[in-house]
Amino acid sequence: MNDKKNDTTDVVPEPKGVSRRSFLGTGAVTGAVLAGATALGAGTFTRESWAAAAKEAKSRIHVAPGELDEYYGFWSGGHQGEVRVLGVPSMRELMRIPVFNVDSATGWGLTNESKLILGDSAKYQNGDCHHPHISMTDGKYDGKYLFINDKANSRVARIRLDIMKCDKILTVPNVQAIHGLRLQKVPYTKYVFANAEFVIPHPNDGRTFDLQDKNSYTMFNAIDAEKMEMAFQVIVDGNLDNSDADYTGKYAASTCYNSEKAYDLGGMMRNERDWVVVFNIPRIEAAIKAGKFITLEGSSVPVVDGRKTDGKDSEFTRYIPVPKNPHGCNTSSDGKYFIANGNLSPTVSMIAIDRLDDLFAGRYKDPREVIVAEPELGLGPLHTTFDGRGNAYTTLFIDSQVVKWNMDEAIRAYKGEKVNYIKHKLDVQYQPGHNHASLTETSEADGKWLVVLCKFSKDRFLPTGPLHPENDQLIDISGEEMKLVHDGPAFAEPHDCILARRDQIKTQKIWNRNDPFFAPTVERAKKDGINLETDNKVIRDGNKVRVYMTSMAPAYGLTEFTVKQGNEVTVTITNIDQIEDVSHGFVMTNHGVSMEISPQQTSSITFIADKPGLHWYYCSWFCHALHMEMVGRMLVEKA
Ligand code: RUQ
Ligand code: CUA
Ligand code: CA
C-alpha cells in the first residue's frame, strides 16, 4: 500500500457542477435508479439526464479499481464464527478474521499459536458472534482493538486491529450465553461490558429446572480490556439482552426482555413492561475495592448483587420499566440518551443520562421519570443509530423499514406538543435487525452512511436453494431523505457491523519479529538453541520431533526430513521474506495440516506422523511464479 493511496483525501470526488445535496435531492427517481427498481415516475427527466444521474449515483458508491474505500467495516459472521472486514461504501469484502471458527486457509484453530489463544475453548469448533466494537479513547475510536462476543460458548474475543488477528479469548465464567457487548467509551476502554443472557441456577449442578428461586440468576460482566481477564460480575433481576455505555464513564445500561424469568415464549411476553437496568460503575468499583463482594464456587471473580431486595434497589443498579421485551440499547452520539428499542412495542424509550445521578440519589419517586420521550415509530423496533445531527434511525423488523426520526422533536411531542418527529421511512429488503451509521458509537458520528443488516433477502439475489443469503444494504443518509444505494448478499449471519474511518485503523505491512502473537513459539525455539531466521534443523526429543525451517519465495529451508511412525511432529516455519504481501503456506498432505506464514511471521503446527511412507508438503499461498514448485517431502519410517 503506498502512502498516497492511504491518505484520507476523498476517494469519490465531488462531481463538477452537481453538488451532492442537489443531486441526491432529485428525489424518488434517483432512489429508484440506485435501488435497481424499474419504476420511472418523473417526466422531467430526459434520457441524458437519467443516464447522467445513474452514472452519478454509481460514482457515489462505486470505488474504482485501484481506489480505496473511505471506511473500514467490521462485520460479525454470526454463527459462522468469524469477523469480516469490508470496505465501505464499495461493500467489497477485504479480509476474514477467523475467531470462533476453524479456518483452513490461515490455520486458525490448527496452529499452535491459535490453539494457545483459544485456550481451553479450543475444543469448541463453533461460535456465534454478534457484536463487534472498536476500542475507544475519549469517546472516539482509537483503532487498537475490536472486541466481539460468542453467544454459543460464552466467550469474548479481542482482535488486534494492527494485524487483524484475534489475540485473546476469554470464557466468561459462571454464566451462559454472552450476548450484548459494549465498550466503555470514556475516558478509554478500560472495560468490555458483556451481558450473559440466560438465567441459570447457582450452582448449576443438575439439581433443578426451576429458575424462580433466589439462587437462579444471570450476571452483567465487566472484563479488563487490556488484560482480557474478568474484572467483576453483577447479579441482576430478569435476564440481559443488549447494552451500551455512556460518555461520562459512569453508567452502562442493558435491556431485559425476560423480566418474567419465564422459560417459554408465552411466559416471556406476559409483562407489558420489562426494563432497562442501569449500572453505576464507580459504585461497583468502590465496593470491590473495599472488599464488599462475594465469589462463586470454583471462581475468584468478584461478584456484587445488583438485584432488588424486597422491592428495594441495590446501590449498584436501577431498573427502569420500559415496554415490551426491549431489545437494542443504544447511546445517542451526543451522549444524552440511552435508547431502548421496544421490539414488541412500537415505541423506543429515551432515557436521559443526565437524570441518572438523581435516580441513583433517590430523588425520583418513579424511575420512569428519567424517560424523556417514548416515540411511536412502527412495528418491531430493534436497533437505533445516529447521524450526529440530532436524528436517529431505527430498524422496524416487522414493517421492513428504517425510520428516521428527530430526537428533540420526539421529546417535545412527549411533552404534548403537536410535532411530527418522523422524518422519513424507507423500505428495506427485508426484516432488518441491526443498523449502523458511520461512527455512530462515537462523538464523531458523521451522518454519511447507514448499513442495514436485513435478515431475509427473498427475491433480491439469484436463488441458492432453500438457504438464502442475508442482505446488507447501504443507505446514503447525508441528505434529508435516506437513499438505498447498495444490496449485498451476506452469509450467515452478520448480526451487526461497525464502521470506522480508514485513517482510524493503522495496520502493519509485515510482521514485527518481536510480535507477541508468536512469542511462545520463539521461546520454544530458543530452548532448542534455534535461530529462527537462519536455522533449518530437526530436533529429536524422545517421541517428539521439532522441525525448524525458513521459507523464502519460492523455497522452504528444508526440502526433506525424516521421522519415525508415531512421532509427534511440530513444524515451525519462519518466513524470512521482507516483501509485503509475500505470504507462504504449509500443507502436509493427508495430515489435516495447513497454516499461513506471512512475511516475518513464525508459525507452527503439531501433528502425529501415523502413516509410514513418503509425504509431500507444499506451499498453499500463491507466492511466486514457482509457487507450485515450493514443496518438500517428509519420510515416515516404520516403527
Ligand atoms: S441482537 S437483531 Cu444479537 Cu444484536 Cu439485535
Ligand atoms: Cu510459498 Cu507459495
Ligand atoms: Ca417480557
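Residues numbered from 1 in each chain as written. Chains lettered and ligands numbered in written order. Predicted model: local features only at pLDDT ≥ 70, side-chain atom pairs only at ≥ 80, totals over all residues. Heavy atoms only, no water.

### Points about the overall build of the protein chain
When helices and strands are counted, the protein chain shows ten helices and 40 strands. Taking 2.2 N^0.38 as the reference for a compact globule, 639 residues should give roughly 26 Å; the C-alpha atoms of the protein chain span a radius of gyration of 27 Å, in line with that estimate. Overall, the C-alpha framework of the protein chain stretches about 85 × 75 × 45 Å when taken along its three principal axes. Taking all 639 residues of the protein chain together, the buried fraction comes to 58%. Within the protein chain, residue pairs in contact and separated by at least 24 positions form 59% of the contacts whose partners lie at least 6 positions apart. (Helix = DSSP H or I, 4+ residues; strand = E, 2+ residues; numbered from the N terminus. Rg over C-alpha atoms; globule rule 2.2 N^0.38 Å. Buried < 20%, exposed > 50% of the residue type's maximum accessible area, 1.4 Å probe, protein only. Contact = heavy atoms within 4.5 Å.)

### Some details on helix H7 (residues 281–289)
Within H7, the full set of buried residues consists of Ile281, Ile284, Ala287 and Ile288. Along the long axis of H7, the arc covered by the buried residues comes to 130 degrees, so they all point the same way. Contacts made by the buried residues of H7 are with strand S9 (191–198), strand S11 (216–224), strand S12 (229–236), strand S14 (251–256), strand S15 (273–280) and strand S16 (303–305). Put simply, Asn280 is the residue that caps the front of H7, since its side-chain oxygen is 3.2 Å from the backbone nitrogen of Arg283. Note on H7: the residue one or two positions beyond its end, Gly291, has a positive phi of about 75 degrees. (Arc of directions from axis to C-beta. Polar contact = N/O pair within 3.5 Å; in protein donor to acceptor, adjacent residues only side chain to side chain.)

### A few points about the pairing of strand S38 (residues 602–608)
When you tally the buried positions in S38, you get five out of seven residues, the bulk of the element. Judged from the seven bridges that link them, strand S35 (residues 568–575) and S38 form a sheet pairing that is antiparallel. Pairing of Val569 across the sheet is with Phe607, part of S38. (Pairing = 2+ DSSP bridges.)

### Looking at the nonpolar core
The biggest cluster of nonpolar side chains holds 43 residues, and the ones touching the most others in it are Phe74, Trp75, Val99 and Ile169. Leu558, Phe586, Phe607 and Cys623 belong to the second largest nonpolar core, which has 25 residues in total. (Core = buried A, V, L, I, M, F, W, Y, C linked by side-chain atoms within 4.5 Å.)

### Topic: the site of ligand 1
Around ligand 1, the structure places His130, His131, His179, Asn242, His327, His383, Gly433, His434 and His495. Classifying every residue of the shell around ligand 1 gives no nonpolar, nine polar and no charged. (Near = heavy atom within 4 Å. Nonpolar A, V, L, I, M, F, W, Y, C, P; charged D, E, K, R; others polar.)

### Some thoughts on the sheet that holds strand S7 (residues 165–171)
In space, the four strands of this open sheet follow the order S4-S5-S6-S7, with antiparallel pairing throughout. Of all the strands in the sheet, the pair left with one neighbour each is strand S4 (133–137) and S7. Neighbouring strand axes in the sheet, compared pairwise and without regard to direction, differ in orientation by 30 degrees on average. Of the pairings in the sheet, the one linking strand S6 (residues 155–160) to S7 comprises six bridges and is antiparallel in character. Paired with Ala157 across the two strands is Ile169, which belongs to S7. (Axes fitted to C-alpha atoms, helices over the stretch in contact; angles between N-to-C directions.)

### Some words on empty space enclosed by the protein
Counted by the stated rule, this structure contains four cavities of 30 Å³ or more. The volume enclosed by the largest cavity comes to roughly 130 Å³. Lining the largest cavity are 16 residues, and of these Thr106, Trp108, Phe517, Glu596 and Gln601 lie nearest its centre. Listed by contribution, the elements that provide at least two residues to the lining of the largest cavity are strand S3 (92–98), helix H5 (112–118), S7 and S38. A per-class count over the lining of the largest cavity returns six nonpolar, seven polar and three charged. The computed volume of the second largest cavity comes to approximately 90 Å³. If you trace the second largest cavity, you find 14 residues lining it, with Arg182, Asn330, Thr384, Thr440 and Glu441 closest to the centre. When residues of the lining of the second largest cavity are assigned to their parent elements, the largest contribution, four residues, is made by strand S22 (residues 381–386). The residue makeup of the lining of the second largest cavity, split by class, is one nonpolar, nine polar and four charged. (1 Å grid on protein atoms, 1.4 Å probe; cavity = no way out; pocket = protein on both sides within 12 Å on 5 of 7 lines; lining within 4 Å. Points joined across faces, edges and corners; volume = space filled by probe spheres on them.)

### Focus: the coordination of the calcium ion (ligand 3)
For a metal with four tetrahedral donors the ideal donor-metal-donor angle is 109.5 degrees, whereas six octahedral donors ideally subtend 90 or 180 degrees. The coordination sphere of the calcium ion (ligand 3), as far as protein atoms go, consists of Tyr257 (O), Glu260 (OE), Glu260 (OE), Met268 (O), Asp274 (OD), Asp274 (OD) and Asn325 (OD1), spread over 2.3 to 2.8 Å. Each donor residue of the calcium ion (ligand 3) belongs to the same chain, with the gaps between them written as Y-x2-E-x7-M-x5-D-x50-N. (Donors = N, O, S within 2.8 Å, 3.2 Å for Na, K, Ca; no water.)

### Overview of a nonpolar patch on the surface
Judged by side-chain polarity, Leu265, Met269 and Leu344 come together as a nonpolar surface patch covering roughly 290 Å² of accessible area. Position of Met269 among the secondary structure elements: in the loop between helix H6 (265–268) and S15. (Patch = residues over 30% accessible without salt bridge, like charges linked within 9 Å, V, L, I, M, F, W, Y side chains within 5 Å. Areas by Shrake-Rupley, 256 points an atom, 1.4 Å probe, with all protein chains shown as cover. Salt bridge = Lys/Arg side-chain N within 4 Å of Asp/Glu carboxyl O.)

### Quick word on the layout of surface pockets
Each pocket or cavity is described by its volume, and for the second largest pocket that value is around 320 Å³. Surrounding the second largest pocket, 18 residues form its lining, Tyr188, Lys190, Tyr191, Asp224 and Ala225 being those nearest its centre. A per-class count over the lining of the second largest pocket returns nine nonpolar, three polar and six charged.

### Brief notes about unusual backbone geometry
Cis geometry marks the peptide bond from His202 to Pro203; its omega dihedral reads -10 degrees. Here Pro203 lies in the loop between strand S10 (200–201) and S11. Put simply, Ala553 and Pro554 share a cis peptide bond, and its omega is -5 degrees. Of note, Pro554 is situated in the loop between strand S32 (544–552) and strand S33 (555–556).

### Details of the environment of Leu170
Mapping Leu170 onto the fold places it in strand S7. Excluding residues that lie within four positions of it along the chain, Leu170 makes contacts with Ser154, Arg155, Val156, Ile223, Met228, Glu229 and Met230.

### Let's talk about the pattern of salt bridges
Using the criterion set out here, one finds 39 salt bridges in the structure. Between Lys144 and Glu226 there is a salt bridge, with its nearest N and O atoms 3.3 Å apart. Of this pair, Lys144 sits in strand S5 (residues 140–150) while Glu226 sits in the loop between S11 and S12, and the two are 82 residues apart along the sequence. For Lys144, a relative accessible area of 43% translates into the label partly exposed. In this structure Glu226 comes out as partly exposed when scored by relative accessible area, which is 44%. Taking the shortest distance from any N to any O, the salt bridge between Asp528 and Arg546 comes out at 2.6 Å. Taken as a pair, Asp528 in the loop between helix H10 (519–527) and strand S31 (537–541) and Arg546 in strand S32 lie far apart in primary sequence, 18 residues in all. Exposure class is identical for Asp528 and Arg546. Each is buried. Overlapping salt bridges, with partners in common, bring together Glu82, Arg84, Glu93 and Arg96 in one network.

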